[in-house]
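# Geometric and topological summary
Each chain, written out:
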Amino acid sequence: MIPSKLKNGREQSSFRDDWGFVFWRDGLIYRQVNAPAKDAFEHLMSSGLYDTLVKQGLLVRHETVAGELPEGAHVVIRPEQLPAISYPYEWSFSQLKDAALATLKIQTLALRHGMSLRDASAYNIQFVAGKPRLIDTLSFELRPEGQPWVAYQQFCQHFLAPLVLMARVDADLLQLMRVHIDGIPLPLAARLLPIKDRLNFGLATHISLHAKFQRQHEGTAEKPQAAVSATSLAGLIDSLERTVRSLKLPKNKTQWGDYYDHTNYSDASFEVKGKIVADFLDQIKPRRVVDLGANDGSFSRIAAGQGALVISSDIDPVAVERNYLQMKANGETNLLPLLVDLTNPSPALGWAGRERQSFTERAQADAALALALIHHLAIAANVPLEQVAEYFASLTPHLVIEFVPKSDSQVKRLLATREDIFRDYTPTGFESAFARYFEIVERREVTGSERLMYLMRRKK
Amino acid sequence: MVRFIAYVDPSTGSFALQAAVGAVMGVSFMMRNRVRIIINKFKKPRSAKPDDTE
């Protein structure tokens, strides 16, 4: 992978919009604003909309870059650089909900300044310092009186449909966003909606009726003609907001959602483990940490407390939701909870497989935490220890990892109904497998349990 | 005249739906705002606690 400081050239995912594109120069992101966007961009800057959005933390700030302009460019800007990128199919329910509400708030403010969002893609929102923020400064167009909202369908597909399906059917349906990268088609969402929810006015209008109108007008060769007043548009946005706000995740029990409430750690051994993690991290002093199998982020917060930016990932949607809600309640700014299944992490997606980067590319870090994880990969998922070590070595030069022995009750549970074919799953076998990629800097026992904690450094 | 924006496919059906329901939603929105303003007008203002030292 090219180190970011050497990255130059057009961002390969930025090719659809003739109003401009994103490019890299010496590892920094820039945005070229082309001539067709001139009027809209100047109005954004002079109308007060840009200042209002930046002040409320809803839009990335930028600086104008001085110097000779490329052909066709109106201006080149350098937006604030984002420390971590994530995608909507990696978010918890509340992250997606907050991103949806932020988008609607941005649209409301835009309308007050004579503008409108020309797209409402969930990929235009990133979590910065714990809050959703629009990253596409070219999302705004001047709105003539009477123009409907061109991005209404996109908002419903990218935000409303997945939220509704997560809230009313199953949280796992968020993964449909990996297959449908322009949002969940409304006819599909309408068919999956439980019958009782089709009586809900907001859902009936924005999902079911919307799908019906789409079907009725598909194949139409004429340009759409409709006039929608500013008041009608305000009413539409208000209805969308109330519909989104009304959606709540059911209190379902998932396999690992309340893991730390029911572990076999005593309070004392949990504290010892925390101290070991803190000591190990203090030796590395990482600026960027990826916590793999973070659950509710208890140990991610140790790294965050030491000043690192932490990507706090877990397979369980309830655990990630708890992590995010706690992050919000605490006002934490250097934690990014994400939903990731390490046995099937988000791949590269989109046109030519280049529009959305894989999780592996984006999770590169100075250190990784892999606590209470190895038995899930090696035993539950049957991944050979050496391949686990190889993957971890591809992510990070420093590893804090916990070995969970077969005598542990969590491993006994995994082996309860299976033949134990894992002959190499022993501390010796574990160390031998990892020795190919890492050297062991330190090893400590977790007092009060049989688990072992390791600090490892990747071999050159 | 309404412009046709090419960047995102807005879908004719989506435009038609906005035209069909927009007026109802707009009127409902305005009425809710009016009611909220009226309710706020008649809400009793919070009075300051008397000074115990007086």
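Small disclaimer: the values here were computed from a predicted structure and weren't measured.

Our next topic: the domain arrangement of chain A. Residue and element names in this part refer to chain A. Per the domain assignment, the segments of chain A are domain 1 (1–250) and domain 2 (259–458). One C-alpha centre belongs to domain 1, the other to domain 2; they are set 33 Å apart. Listed per partner, the contact involves 30 residues of domain 1 and 31 residues of domain 2. Note on domain 1 versus domain 2: buried area summed over both sides is about 2600 Å², and carbon and sulfur give 55% of it. Applying the counting rule to domain 1 against domain 2 returns three salt bridges. Of the charged contacts, one joins Lys-328 and Asp-98 as a salt bridge, the two residues approaching to 2.9 Å between their closest N and O atoms. Element by element, the count of residues in the side of domain 1 that touches domain 2 is highest for helix α3 (residues 93–112), at four residues. Residues of the side of domain 1 that touches domain 2, tallied by class, amount to 16 nonpolar, eight polar and six charged.

What follows is about the packing of helix α4 (residues 152–168) of chain A against helix α8 (residues 230–246) of chain A. Residues and elements named next belong to chain A. Taken N-terminus to C-terminus, the directions of α4 and α8 make an angle of 20 degrees; their axes are 10 Å apart at the nearest point. It follows from the interaxial angle that α4 and α8 lie roughly parallel. Regarding α4 and α8, the two cross each other, and that crossing is left-handed. Side by side, α4 and α8 meet where Tyr-152, Phe-155, Cys-156, Leu-160, Leu-163 and Arg-168 of the first sit next to Leu-236, Leu-240, Thr-243, Val-244 and Ser-246 of the second. Residue classes in the contact of α4 with α8 are distributed as eight nonpolar, two polar and one charged.

In this section: the pairing of strand β5 (residues 73–79) of chain A. Residues and elements named next belong to chain A. Most of β5 sits out of view: five of its seven residues are buried. Relative to β5, strand β3 (residues 28–34) is paired through four bridges, and the arrangement is antiparallel. By the bridge assignment for β5, Arg-31 is matched with Ile-77. Two strands pair when backbone bridges link them, and strand β4 (residues 62–64) and β5 are joined in this way by three bridges, in the antiparallel orientation. Residue His-62 lies in a different strand from β5, and its bridge partner there is Pro-79.

Working definition: the strands of a sheet are paired by backbone hydrogen bonds and lie parallel or antiparallel to each other. All names here are of chain A. Taken together, seven strands build an open sheet; the order of strands is β12-β11-β10-β13-β14-β16-β15 and the sheet is mixed. Looking at which strands have only one partner, the edges of the open sheet turn out to be β12 (335–339) and β15 (438–445). When the angles between neighbouring strand axes are averaged without regard to direction, this sheet yields 20 degrees. Sheet topology note: the strand β13 (residues 367–370)/strand β14 (residues 398–403) ladder contains three bridges and is parallel. Directly across from Leu-369, in β14, lies its bridge partner Val-400.

What follows covers the packing of aromatic side chains. Residues and elements named next belong to chain A. Here the structure, examined in full by the defined rule, presents 17 aromatic pairs over all chains. Look at Trp-91 and Phe-127: their rings are 5.1 Å apart centre to centre, the planes differ by 85 degrees, and that puts the pair in the edge-to-face class. Separated by 36 residues along the polypeptide, Trp-91 in the loop between β5 and α3 and Phe-127 in strand β7 (residues 125–128) bring together distant segments of the chain. Assigned by exposure class, Trp-91 and Phe-127 land together as buried. These aromatic residues form a ring-pair network of at least three members: Tyr-391, Phe-392, Phe-403, Tyr-425, Phe-430, Phe-434, Phe-438 and Tyr-454. Across the ring face of Tyr-30, the terminal group of Arg-25 is positioned such that the distance to the ring centre comes to 4.8 Å.

Rules of the game
- Residues numbered from 1 in each chain as written.
- Chains lettered and ligands numbered in written order.
- Predicted model: local features only at pLDDT ≥ 70, side-chain atom pairs only at ≥ 80, totals over all residues.
- Heavy atoms only, no water.
- Domains from an automatic or database assignment.
- Contact = heavy atoms within 4.5 Å.
- Buried area = accessible area lost by both parts, 1.4 Å probe.
- Salt bridge = Lys/Arg side-chain N within 4 Å of Asp/Glu carboxyl O.
- Helix = DSSP H or I, 4+ residues; strand = E, 2+ residues; numbered from the N terminus.
- Nonpolar A, V, L, I, M, F, W, Y, C, P; charged D, E, K, R; others polar.
- Axes fitted to C-alpha atoms, helices over the stretch in contact; angles between N-to-C directions.
- Parallel < 35°, antiparallel > 145°, perpendicular 65-115°, else oblique.
- Left-handed = near helix turned anticlockwise from the far one by under 90°.
- Buried < 20%, exposed > 50% of the residue type's maximum accessible area, 1.4 Å probe, protein only.
- Pairing = 2+ DSSP bridges.
- Phe/Tyr/Trp six-rings, centres within 6.5 Å; stacked < 30°, edge-to-face > 60°.
- Lys NZ or Arg CZ within 6 Å of the ring centre and 35° of its normal.

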